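# Reading the structure
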Amino acid sequence: MSQPGFLQRLKFHFFNIYPPYFGAGIKVKALNKERTLFSTTMKLTPFNKNYVGTQFGGSLYSMCDPFYMLILMEHLGPGYLVWDKAATIRFIKPGEGTVRAEFYIPKEKIQEIKEETDRKRKMDVTFTAQIVDVKTGKLVAEVDKVIYVRKKLKE
């Protein structure tokens, strides 16, 4: 296998042993070939259960934290600075079992972000992820992520 493929797999598997994810039981389940979609799951365990026996809100947020930023970093490349700027989580119902979230940015949207950043030099873009109960399909929480994108200055 080529070196880029090996490095890509290594980065992907790193998430599942990354201590904050491992401890909370968060699993990165999928990364598509285009590297535009991540999928995560989290089972309810004694390590991510809150005082009332449901998913701890910090763990729900954590399972959504870096993925929109990573997708943009991968596609925009080293000529752009990509950073998480802000986030908001809205809890809809208690997470009482396994939950899932997907993070997807279509290539067309990535191209729009690149073109707008090239014109304006910097921009904020907002994405929304939904956390759903795997068993019922019901919405548990929504997370808005504001991502800052800036074209790097030539040195």
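Now for a description of the structure that goes with this document.

Conventions used here
Residues numbered from 1 in each chain as written. Predicted model: local features only at pLDDT ≥ 70, side-chain atom pairs only at ≥ 80, totals over all residues. Heavy atoms only, no water. Helix = DSSP H or I, 4+ residues; strand = E, 2+ residues; numbered from the N terminus. Rg over C-alpha atoms; globule rule 2.2 N^0.38 Å. Buried < 20%, exposed > 50% of the residue type's maximum accessible area, 1.4 Å probe, protein only. Contact = heavy atoms within 4.5 Å. Areas by Shrake-Rupley, 256 points an atom, 1.4 Å probe, with all protein chains shown as cover. Lys, Arg positive; Asp, Glu negative; His and termini not counted. Charge placed at Lys NZ, Arg CZ, Asp CG, Glu CD. Phe/Tyr/Trp six-rings, centres within 6.5 Å; stacked < 30°, edge-to-face > 60°. Pairing = 2+ DSSP bridges. Axes fitted to C-alpha atoms, helices over the stretch in contact; angles between N-to-C directions. Salt bridge = Lys/Arg side-chain N within 4 Å of Asp/Glu carboxyl O.

### Points about the overall build of the protein chain
- From N to C terminus, the protein chain includes five helices and six strands.
- The N-to-C order of helical and strand elements in the protein chain reads α-α-β-β-α-α-β-β-α-β-β.
- Computed over C-alpha atoms, the radius of gyration of the protein chain comes to 17 Å, within 12% of the 15 Å expected from 2.2 N^0.38 for 155 residues, which places it in the range of a compact globule.
- Along the first, second and third principal axes, the C-alpha atoms of the protein chain reach 55 × 40 × 25 Å.
- Taken across its 155 residues, the protein chain has 37% of its residues classed as buried.
- When contacts within the protein chain are restricted to residue pairs at least 6 apart in sequence, long-range pairs at least 24 apart make up 67% of them.
- Surface accessibility of the protein chain: about 9,300 Å² in total, with carbon and sulfur atoms responsible for 58%.
- Seen as two clouds, the 26 positive and the 16 negative side-chain charges of the protein chain have centres 4 Å apart.

### Some thoughts on the packing of aromatic side chains
- Evaluation of the coordinates by the stated rule reveals 11 aromatic pairs.
- Measuring from ring centre to ring centre gives 5.1 Å for Phe67 and Phe103, while their planes differ by 25°; the resulting arrangement is stacked. Here the residue Phe67 occupies a position in helix H4 (residues 67-76), and Phe103 occupies one in strand E4 (residues 99-104), the gap between them amounting to 36 residues.
- Relative accessible area serves as the criterion here: at 0%, Phe103 is assigned to the buried category.
- Where Tyr68 meets Phe103, the ring centres are 5.6 Å apart and the plane angle is 85°; that geometry is what we call edge-to-face. Taken together, the residues span a long stretch of sequence, with Tyr68 in helix H4 and Phe103 in strand E4 at a distance of 35 residues.
- Cluster of aromatic residues (ring-pair linked, three or more members): Phe14, Phe15, Tyr18, Tyr21, Phe38, Phe67, Tyr68, Phe103 and Phe127.

### Some details on the sheet that holds strand E6 (residues 139-151)
- Across the sheet, six strands lie side by side as E1-E2-E4-E5-E6-E3; this open sheet has antiparallel pairing. This sheet does not close on itself; its edge strands, each paired only once, are strand E1 (26-31) and strand E3 (80-91). Taking the axes of each pair of neighbouring strands and ignoring which way they run, one obtains an average angle of 20° across the sheet.
- In this sheet, strand E2 (residues 37-42) lies alongside E1 in antiparallel orientation, the contact comprising five bridges.

### Comments concerning the side chain of Thr41
- In this structure, Thr41 sits in strand E2.
- Setting aside anything within four residues of it in sequence, one finds Thr41 in contact with Gly25, Ile26, Lys27, Lys29, Met63, Thr98, Val99 and Arg100.

### Quick word on unusual backbone geometry
- For Arg35, which is not glycine, the phi torsion reads 60° and is therefore positive.
- Tracing the backbone through its elements, the reader meets Arg35 in the loop between E1 and E2.
- With a relative accessible area of 28%, Arg35 lands in the partly exposed category.

### Focus: the pattern of salt bridges
- The tally for this structure, following the rule as stated, stands at nine salt bridges.
- Taking the shortest distance from any N to any O, the salt bridge between Arg35 and Glu74 comes out at 2.7 Å. Of this pair, Arg35 sits in the loop between E1 and E2 while Glu74 sits in helix H4, and the two are 39 residues apart along the sequence.
- Between Asp124 and Lys85 there is a salt bridge whose closest N-O contact spans 2.7 Å. Pair noted here: Asp124 is in strand E5 (residues 122-133) and Lys85 is in strand E3, with a separation of 39 residues, a long-range link.
- Looking at Asp124, the relative accessible area reads 37%, which means it is partly exposed.

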